[in-house]
Amino acid sequence: VIKLLPRAWAILFLPAAISTATITTVTPTQYRARIVAPHRGRVLAVNFWATWCVPCREEMPALVAAGRRFSGEGVDIVLVSADFSSALPAVDRFLRGFRVPFPCFLEESEDPQTFIDAVDPRWGGELPHTVVYSRAGARLISLSSRQTREDFEFAFRKALKDE
Amino acid sequence: MKMSLFRVLSLSTILLSGGLASAVVSPIGARAPEFSLPPASGGQPVALSQEISKHRLTVLMFIATRCPFSNAYNSRMERLSADYRAQNVAFLGINSNESEPAADVVKHAQSHGLTFPILKDVGSKVADLYGAQRTPEIFVVDASGALQYHGRIDENAQDPAGVRSPDLRNALDALIAGRPVPAAETKAFGCSIKRP
């Protein structure tokens, strides 16, 4: 029984461990190579958010639900946080709390405009914002402001039908 | 499918690579859309045409009460308003958030020491006219009614002391001096305007 205890504790904590997202920084020049390129061959949705952004927090459960549903159909989701680096513990706490299963990057730039333009020159910087890429890595759909699960799923279906 | 598309379009801004876009911002140099809005504190509506007829420049600031990013600029907006008063520059706050009633706007202004007028944009109609998407978002209109600057206050929301690019101040200084605005369109992260 004593030998089994550590394994039992591991099982108890396993769901939290699985749900923990890894957070690393990404610069404007790294955006395509580190975030978009690795997902070629699958539809990719990149969600830009921040812990200080109420509608971002509100829409996260919808994104998680839609992402879980479409994961098996070829849709990947990546988060990019616009939080200040000092808020990294809050980002981590939020992602753990909501058991968000997506990788999360922290935007890092001296001037946020360079990052916004690297993602989409037509985007003004408002959050939340989600960009859906085709399997070929082309920017296909941009969703501004808070979305519902149905909104995300509609965009994913449209992207999957592309090509 | 048509119903679904209509619903998505009605609930959010959706931009397809083909060019469908619901947010259209007037280009720099174009005439700023006319509007008339009541102050959040009540009283006579304020018309843009009246403001531009009385001032060298009019600064429209789409702001919020609950957006931490907008709130990070409260003291900077108040300082700018005071600094340019002698140059006959008017600063108008506009609250277009459906979720923030006029009473909250007044309370927020009082508790943060904001002395410039703040107008309540019920239905987010003026935000739609200008294509404003986030808070804070700035538009500068000259005395002829032409849009001369659109974008951010500066690039550093986190640290006022660390600002390297005071874009709004640069634009105002250039316009007052009769020089071209160094960067007439700028961007920053901000909270989405909550439309009805």
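Quick caveat, the model's predicted, so the values are computed rather than measured.

Caption draft 1: Spotlight on the overall build of chain A. For chain A, the count of helices and strands is six helices and seven strands. Counting across all 163 residues of chain A, residues that qualify as buried make up 52%. Long-range pairs, those at least 24 residues apart, make up 72% of the contacts in chain A with a sequence separation of at least 6. Of the roughly 7,600 Å² of accessible surface on chain A, 60% is carried by carbon and sulfur atoms.

Caption draft 2: Inspection of the nonpolar core at higher detail. Residues Phe48, Leu79, Leu127 and Phe156 of chain A together with Phe91 and Leu168 of chain B are the most contacted members of the largest nonpolar core, which totals 79 residues. It is helix 3 (residues 54-71) of chain A that provides the largest number of residues to this core, a total of seven residues. Residue contacts for Leu79 of chain A: discarding those within four places in its chain leaves Asn47, Trp49, Met60, Leu63, Leu95, Val100, Phe102, Pro103, Cys104 and Phe105 of chain A. Among the nonpolar cores identified, the runner-up in size contains 19 residues, and Phe35, Ile94, Val126 and Tyr130 of chain B belong to it.

Caption draft 3: Broad picture of the sheet that holds strand 9 (residues 147-151) of chain B. Residue and element names in this part refer to chain B. Spatially, five strands are ordered 6-5-4-8-9 in an open sheet, and the strand pairing comes out mixed. On the outer flanks of this sheet lie strand 6 (118-120) and strand 9, each paired with one strand and no other. The sheet shows a mean angle of 20 degrees between the axes of neighbouring strands, direction not considered. Relative to strand 8 (residues 137-142), strand 4 (residues 57-62) runs antiparallel, the two being bridged by six bridges. Residue pairing across strands places Phe62 opposite Glu137, the latter belonging to strand 8. Contacts from helix 7 (residues 167-177) reach strand 4, strand 5 (89-95), strand 8 and strand 9, with the element oriented near 165 degrees to strand 4.

Caption draft 4: Here's a closer look at the state of the cysteines. Scanning all chains against the criterion turns up two disulfides over all chains. With a sulfur-sulfur separation of 2.1 Å, Cys53 of chain A is cross-linked through a disulfide to Cys56 of chain A. Looking down the S-S bond of the Cys53 of chain A and Cys56 of chain A bridge, the torsion is 80 degrees, so its handedness is right-handed. A relative accessible area of 0% places Cys56 of chain A in the buried class. Paired by a disulfide, Cys67 of chain B and Cys191 of chain B hold their sulfur atoms 2.0 Å apart.

Caption draft 5: Molecular detail of the confidence of the model for chain B. Residues and elements named next belong to chain B. For chain B, per-residue confidence averages 90 on the pLDDT scale, and 88% of positions sit at 70 or higher. Scored below 50 in pLDDT, residues 1-22 shows 42 contacts in the model against residues more than four places distant or in partner chains. Two numbers describe this predicted complex: its pTM, 0.86, and its ipTM, 0.84.

Caption draft 6: Examining the interface of chain B and chain A more closely. Residue-level contacts link 31 residues of chain B with 36 residues of chain A. Summed over both partners, the interface of chain B with chain A comes to about 2,900 Å²; 59% of that surface belongs to carbon and sulfur atoms. Inspection of the chain B/chain A interface yields three salt bridges. Arg164 of chain B is paired through a salt bridge with Glu110 of chain A; the nearest N and O atoms lie 2.6 Å apart. Applying the counting criterion to the chain B and chain A interface returns eleven residue pairs in polar contact (both at pLDDT 80 or more). When residues of the side of chain B that touches chain A are traced back to their parent elements, those giving at least two are helix 1 (2-11), strand 1 (13-16), helix 3 (68-71) and strand 10 (190-192) of chain B. At five residues, the largest contribution of residues to the side of chain B that touches chain A is made by helix 1 of chain B. Across the side of chain B that touches chain A, the residue classes break down as 13 nonpolar, ten polar and eight charged.

Caption draft 7: Region of the structure containing the pattern of salt bridges. Residue and element names in this part refer to chain A. All told, the structure shown has 18 salt bridges over all chains when counted by the stated rule. Here Glu58 ties to Arg146 by a salt bridge, and the two come within 2.5 Å at their closest N and O atoms. Residue Glu58 is located in helix 3, and its partner Arg146 is located in the loop between strand 7 (139-144) and helix 6 (149-161); the two are separated by 88 residues in the primary sequence. Note on Glu58: relative accessible area 44%, which makes it partly exposed.

Cut-offs applied
- Residues numbered from 1 in each chain as written.
- Chains lettered and ligands numbered in written order.
- Predicted model: local features only at pLDDT ≥ 70, side-chain atom pairs only at ≥ 80, totals over all residues.
- Heavy atoms only, no water.
- Helix = DSSP H or I, 4+ residues; strand = E, 2+ residues; numbered from the N terminus.
- Buried < 20%, exposed > 50% of the residue type's maximum accessible area, 1.4 Å probe, protein only.
- Contact = heavy atoms within 4.5 Å.
- Areas by Shrake-Rupley, 256 points an atom, 1.4 Å probe, with all protein chains shown as cover.
- Core = buried A, V, L, I, M, F, W, Y, C linked by side-chain atoms within 4.5 Å.
- Pairing = 2+ DSSP bridges.
- Axes fitted to C-alpha atoms, helices over the stretch in contact; angles between N-to-C directions.
- Disulfide = S-S within 2.5 Å.
- pLDDT = per-residue confidence, 0-100.
- Buried area = accessible area lost by both parts, 1.4 Å probe.
- Salt bridge = Lys/Arg side-chain N within 4 Å of Asp/Glu carboxyl O.
- Polar contact = N/O pair within 3.5 Å; in protein donor to acceptor, adjacent residues only side chain to side chain.
- Nonpolar A, V, L, I, M, F, W, Y, C, P; charged D, E, K, R; others polar.

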